[in-house]
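# Architecture and fold: a report
Take a look at the letters that make up each chain.
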Amino acid sequence: EKGVIIYVTIVMMIIGLAIAIYLGLRFSMPISQLVAATEAIGKGDYRYRVELNRQDELGNLATAFNQMGEELFRHTLTRQSFGKYVGEEVLEMILADPEKMWLKGHKNDATILFADIRGFTAFAEDRDPVAVVEMLNTYFDIATRAILDYGGYVDKFIGDGVLGVFGVPVFRNDHVERTVRAALDLMEQLRRYSRRGNPLLSSVGIGVHTGPIVSGNIGSQAKMEYTVIGDTVNLASRLSGLAQPGEILVTDSVYAALGSLIAAEPAGSRAVKGKAEPVKT
């Protein structure tokens with residue numbers, strides 16, 4: 001009888017140990033999967049999924065975790081797409097403080113770069129639209145990279161024009177120098193890439209002006225846009241229209257701000273629409 005008791009005890013211990021191991025594995029393995037998924041999400045892999053076919057609390061947790069990952073992935077895509085429209089710096093400011101007053105309008109000094117293609121309308125009139133758009137996108141890509149590389153903000157594309165802003169939304173004391181360096185780099189890149197058979201790139205004129213601007217959200221409740229307005233913006237646009245292909249026209253205020261840093265040639269006083277007096281360039 002004593003032997004039977006020992007035997008039963010050993011069997012019960014073995015069964016208990018087996019049950020403990022089974023339950024341990026049943027709960028530890030899915031927990032390990034959830035830990036791995038948490039680490040993957042933390043590293044930005046929002047497409048990571050937990051595969052648990054269970055009808056219990058852990059199965060519900062895995063389903064909720066996968067849904068969270070999908071939502072994070074969608075939000076990331078939305079943020080990336082939105083950033084392409086408003087610019088990364090503006091996006092970061094909106095996310096950091098959506099109610100900040102700068103969105104409602106702010107006045108300060110900035111420098112404007114406006115690049116425009118000479119004769120684009122005539123060029124595009126009798127050519128394949130798909131080919132024209134491809135060439136135009138190459139030009140926009142080069143212009144965008146040049147502006148961003150020097151800390152500028154690409155405000156918008158206007159037809160075949162590019163409006164770059166330096167000094168807002170992030171103010172930098174050397175915004176005039178950054179703008180001119182970006183303009184020179186842009187023109188050099190355009191010359192280099194034009195050798196690959198894109199005639200638009202050799203037809204770009206650039207205008208640069210510095211002065212007071214107003215920046216902020218402009219639009220309606222249905223459609224808002226962060227942009228800059230003011231006489232400084234208009235004058236830079238007018239200058240780009242007067243610039244010859246491959247030429248950068250700057251105002252005397254830009255030249256005076258840079259002093260010995262800039263090598264320039266007088267381009268004469270130009271009559272500009274909206275200005276009573278000719279503008280020195």
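Each remark here, short or long, concerns the structure printed above.
Below is a short write-up of the structure. (Residues numbered from 1 in each chain as written. Predicted model: local features only at pLDDT ≥ 70, side-chain atom pairs only at ≥ 80, totals over all residues. Heavy atoms only, no water.)

Residues Leu113, Tyr139, Leu186, Leu190 and Ile206 are the most contacted members of the largest nonpolar core, which totals 33 residues. At nine residues, the largest contribution of residues to this core is made by helix 5 (residues 129-149). Listed in part, the twelve residues of the second largest apolar core include Leu163, Ile213, Val228 and Ala236. (Core = buried A, V, L, I, M, F, W, Y, C linked by side-chain atoms within 4.5 Å. Buried < 20%, exposed > 50% of the residue type's maximum accessible area, 1.4 Å probe, protein only. Helix = DSSP H or I, 4+ residues; strand = E, 2+ residues; numbered from the N terminus.)

Tallied over the full model, the rule gives two aromatic pairs. When the centroid spacing of 5.2 Å and the interplanar angle of 35° are considered together, the rings of tyrosine 139 and phenylalanine 140 count as tilted. Taken individually, tyrosine 139 and phenylalanine 140 each receive the classification buried, so the pair is uniform in this respect. Of the aromatic side chains, those joined through ring pairs into one cluster are Tyr139, Phe140 and Phe157. The ring of phenylalanine 123 is capped by arginine 127, whose NZ or CZ atom sits 3.9 Å from the centre of that ring. (Phe/Tyr/Trp six-rings, centres within 6.5 Å; stacked < 30°, edge-to-face > 60°. Lys NZ or Arg CZ within 6 Å of the ring centre and 35° of its normal.)

So, about the pairing of strand 2 (residues 153-158). Bridging between strand 2 and strand 3 (residues 161-166) involves five bridges; their strand directions are antiparallel. What sits directly across from isoleucine 158, in strand 3, is glycine 161. Between strand 2 and the antiparallel strand that follows it, strand 3, lie two residues; glycine 159 among them carries a positive phi value of about 65°. (Pairing = 2+ DSSP bridges.)

Let us now look at a nonpolar patch on the surface. A surface patch of nonpolar side chains, amounting to about 660 Å² of accessible area, comprises Val4, Tyr7, Val8, Val11, Met12, Ile15 and Ile19. A relative accessible area of 56% places methionine 12 in the exposed class. (Patch = residues over 30% accessible without salt bridge, like charges linked within 9 Å, V, L, I, M, F, W, Y side chains within 5 Å. Areas by Shrake-Rupley, 256 points an atom, 1.4 Å probe, with all protein chains shown as cover. Salt bridge = Lys/Arg side-chain N within 4 Å of Asp/Glu carboxyl O.)

Here the focus is unusual backbone geometry. The general pattern is negative phi for most residues beyond glycine and trans for most peptide bonds. The peptide bond linking valine 168 to proline 169 adopts the cis configuration, its omega dihedral lying at 0°. Residue position: proline 169 is located in the loop between strand 3 and helix 6 (175-194).

With that out of the way, let us pick up the environment of isoleucine 112. Summarising the element assignment, isoleucine 112 is placed in strand 1 (residues 106-117). On the accessibility criterion, isoleucine 112 (0% relative accessible area) is buried. Expressed as a C-alpha distance, the spacing of isoleucine 112 and valine 233, which sit 121 residues apart in the sequence, is 6.1 Å. Beyond its immediate stretch of four places on either side in the chain, isoleucine 112 contacts Leu163, Gly164, Val165, Thr179, Gly207, Val208, His209, Ile213, Val228, Thr232, Val233 and Ala236. (Contact = heavy atoms within 4.5 Å.)

Look at helix 7 (residues 231-242): 17 Å from first C-alpha to last across twelve residues, which is about the 16 Å you get at 1.5 Å a residue. Those residues of helix 7 lying buried are Thr232, Val233, Leu235, Ala236, Leu239 and Ser240. Seen along its axis, helix 7 keeps its buried residues to an arc of 165°; they face one direction. Buried residues along helix 7 sit in contact with strand 1, strand 3, strand 4 (204-219), strand 5 (224-229), strand 6 (248-250) and strand 8 (279-280). (Expected span 1.5 Å × (residues − 1). Arc of directions from axis to C-beta.)

Let us now look at the layout of surface pockets. A volume near 420 Å³ is recorded for the second largest pocket. Lining the second largest pocket are 17 residues, and of these Ile248, Val250, Ala263, Ala264 and Glu265 sit closest to its centre. Within the residue set of the lining of the second largest pocket, elements represented by two or more residues are helix 6, strand 6 and helix 8 (252-258). Classifying every residue of the lining of the second largest pocket gives twelve nonpolar, two polar and three charged. (1 Å grid on protein atoms, 1.4 Å probe; cavity = no way out; pocket = protein on both sides within 12 Å on 5 of 7 lines; lining within 4 Å. Points joined across faces, edges and corners; volume = space filled by probe spheres on them. Nonpolar A, V, L, I, M, F, W, Y, C, P; charged D, E, K, R; others polar.)

Moving on: the pattern of salt bridges. All chains considered together, the criterion is met by eight salt bridges. A salt bridge links arginine 145 to aspartate 141; its shortest N-O distance comes to 3.3 Å. Of this pair, arginine 145 and aspartate 141 are both found in helix 5, four residues apart, which corresponds to roughly one turn of the helix. Note that arginine 178 and aspartate 174 form a salt bridge whose closest N and O atoms lie 2.9 Å from each other. The class of aspartate 174 is partly exposed, set by a relative accessible area of 32%.

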